[in-house]
Amino acid sequence: MRGLIYKDFYLLRGTILVSIVFTSLVSLPSIRAGAAGVIAAGSFIFASLLIIGLVSNEQGNHTLSFQRLLPVRSETVVDAKFCGLIVIVVFSLGYGLALAGALDLAGLVKVTSRQAAAGLLLGAAITSSVLSIYTWLFFRLGKQYSILIAILIMVVFSGEWKKLFYLSPSTGIGLTGAVKVSPAWLFFGAACFLICLRLARRDFSRREL
Amino acid sequence: MVDSTTALRLTGVGKNYRGFRLQDIHLELPAGSIMGFVGPNGAGKTTTIRIITNLARPDTGTVEVLGRCWDAAEVWIKNRLGYVPESNHLYESVTGNWLGNFLRRYYPTWDDAYFRALLEKFRVPGATMVKNLSKGDRAKLAVALALAHRPRLLILDEPTAGVDPVVRYTLLQELLEVIQEETRAVLFSTHIVSDLERIADLVSYIVSGRIVLSGEKDVILEKWHLVSFSLQNPAALEQVRRLLPYVKTRGREGRKVEGVTGDFSPRLLQELVQAADGEVNHRPLNLEEIMVVLTDGNW
Ligand SMILES: Nc1ncnc2c1ncn2[C@@H]1O[C@H](COP(=O)(O)OP(=O)(O)O)[C@@H](O)[C@H]1O
Ligand SMILES: [Mg+2]
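Residues numbered from 1 in each chain as written. Chains lettered and ligands numbered in written order. Predicted model: local features only at pLDDT ≥ 70, side-chain atom pairs only at ≥ 80, totals over all residues. Heavy atoms only, no water.

A. Representation of the packing of aromatic side chains within the structure. Counting across every chain of the model gives 14 aromatic pairs over all chains. Relative to Tyr 95 of chain A, the ring of Phe 46 of chain A lies with its centre 4.5 Å away and its plane at 35°, an arrangement referred to as tilted. In this pair, Phe 46 of chain A is assigned in helix 3 (residues 34-56) and Tyr 95 of chain A in helix 5 (residues 74-105), connecting sequence segments 49 residues apart. Look at Phe 46 of chain A and you get buried, because its relative accessible area is 0%. Its guanidinium or amino end placed over the ring of Trp 76 of chain B, Arg 68 of chain B lies 3.7 Å from that ring's centre, counting from NZ or CZ. (Phe/Tyr/Trp six-rings, centres within 6.5 Å; stacked < 30°, edge-to-face > 60°. Helix = DSSP H or I, 4+ residues; strand = E, 2+ residues; numbered from the N terminus. Buried < 20%, exposed > 50% of the residue type's maximum accessible area, 1.4 Å probe, protein only. Lys NZ or Arg CZ within 6 Å of the ring centre and 35° of its normal.)

Take a look at the structure:
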């Protein structure tokens, strides 16, 4: 399985730098939501780009059939992608933290431990839940459909994303900065991850390629 | 250890798609033989192969690979199976060498020296990205990658399709050499029948989702003959139709008869002579002509 995970990131090698630059620019408006908003939005956008890259490595059904014929159980192919997802979530949280730190140095936000904790929790929860669903749909339906559905989710819930990441309409301060830090978010993210992993394992070994 | 198991056995395999039905496919490939799997485009070759490789599930029937079923021995089968699909299945932004290193981790029987020797023999540059390889080189790389773990069953789905005739010839020649080096079973699908003339031990024809002819190549080539003669009288046609499954008539009053039999024998010839006015000409058909007879509605 290590080989499969390594393969995914090796194929991603060309796009990581571009993703970092792009995310840094796109996350700047979340400064208004304070450090927590920067961390959560930055990590989510960055992780989304990476996971879409990870999935786009697969060229239609062909490279999936290549993997289905590797001498491992077909579930292992799914496990490897989900392990890659964990790596991406951790990596992107680190990135979100670094971005907030850089903005702190520039005097644009103030990173407090409370803000950092809120940002990391929210980032981890949203990233792992949304991207787990995305990865599952990829294994069930293929990348065209999963990207379409991901875009649809973004558009339909755009109001909600704004509230979470950017600003609270009433106070103007970052909503996430004011939200009570709750470990329950992590449970939610982890539950989504496990359920989607299970569904993806089942669906991929049944899928016709 | 001498291996006497059947490399591949399909029993009553069927699959329904909208607008296409694969029906009652029976195939049996003994260990160590090469089977040509022939049929026109859209006949169901790839669908059958996807069922064999467990990329698609059959609606009916059973598939046994090297004596085992997929559900019971998934990894065991994959370890012993080499597969070259119809369309390129390799990652584009890596090199052939990289892919070799990747697969080496997975196959316990991977033979790296053999892999490198194959690349050299095929003259495929191992350090070039797949996306920069020519179509012929990609096909050869895919074959080398499928052979390097020395599979006991090798499945090639139209490896020569879309490759120009010159490259096709060399690819086939090289394929022939490496395939024959060892005793392994090979299923080779193609719509270019002449590819098989040299390499196949067995031939199975598939037309519109059904196996219409299957057997040893040499026997098929011996038994399938084209006969032509003139009829003594129009009434004799009835008898000729009983003797020959494929009959065409032309000339005045349909006196000139052309027919094809899949069971030629001196005795059949004798019987035809009785219905004929004069000489009965006959000659064996090649695999391609047989395919035309089996496929073409005019026969
Ligand atoms: N996944 C699928 N869904 C629907 N129809 C399919 C599918 N795969 C193949 N077919 C149909 O099955 C027929 C046989 O295709 P195929 O097995 O690829 O033929 P061949 O390989 O002999 O050219 C075609 O008409 C094709 O449209
Ligand atoms: Mg085909």
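Next, the rest of the story.
B. View of the interface of chain A and chain B. Listed per partner, the contact involves 29 residues of chain A and 31 residues of chain B. Roughly 2600 Å² of surface becomes buried between chain A and chain B when both sides are summed, with 60% attributable to carbon and sulfur atoms. Linking chain A with chain B are one salt bridge, by the criterion used here. The salt bridge partner of Glu 208 of chain A is Lys 15 of chain B, with a shortest N-O separation of 2.8 Å. Run the count over chain A and chain B and you get 16 residue pairs in polar contact (both at pLDDT 80 or more). Where the side of chain A that touches chain B is concerned, the elements lending two or more residues are helix 1 (2-11), helix 4 (62-68) and helix 10 (184-206) of chain A. Tallying contributions element by element places helix 1 of chain A first for the side of chain A that touches chain B, with seven residues. Looking at the side of chain A that touches chain B residue by residue, the classes come out as eleven nonpolar, nine polar and nine charged. (Contact = heavy atoms within 4.5 Å. Buried area = accessible area lost by both parts, 1.4 Å probe. Salt bridge = Lys/Arg side-chain N within 4 Å of Asp/Glu carboxyl O. Polar contact = N/O pair within 3.5 Å; in protein donor to acceptor, adjacent residues only side chain to side chain. Nonpolar A, V, L, I, M, F, W, Y, C, P; charged D, E, K, R; others polar.)

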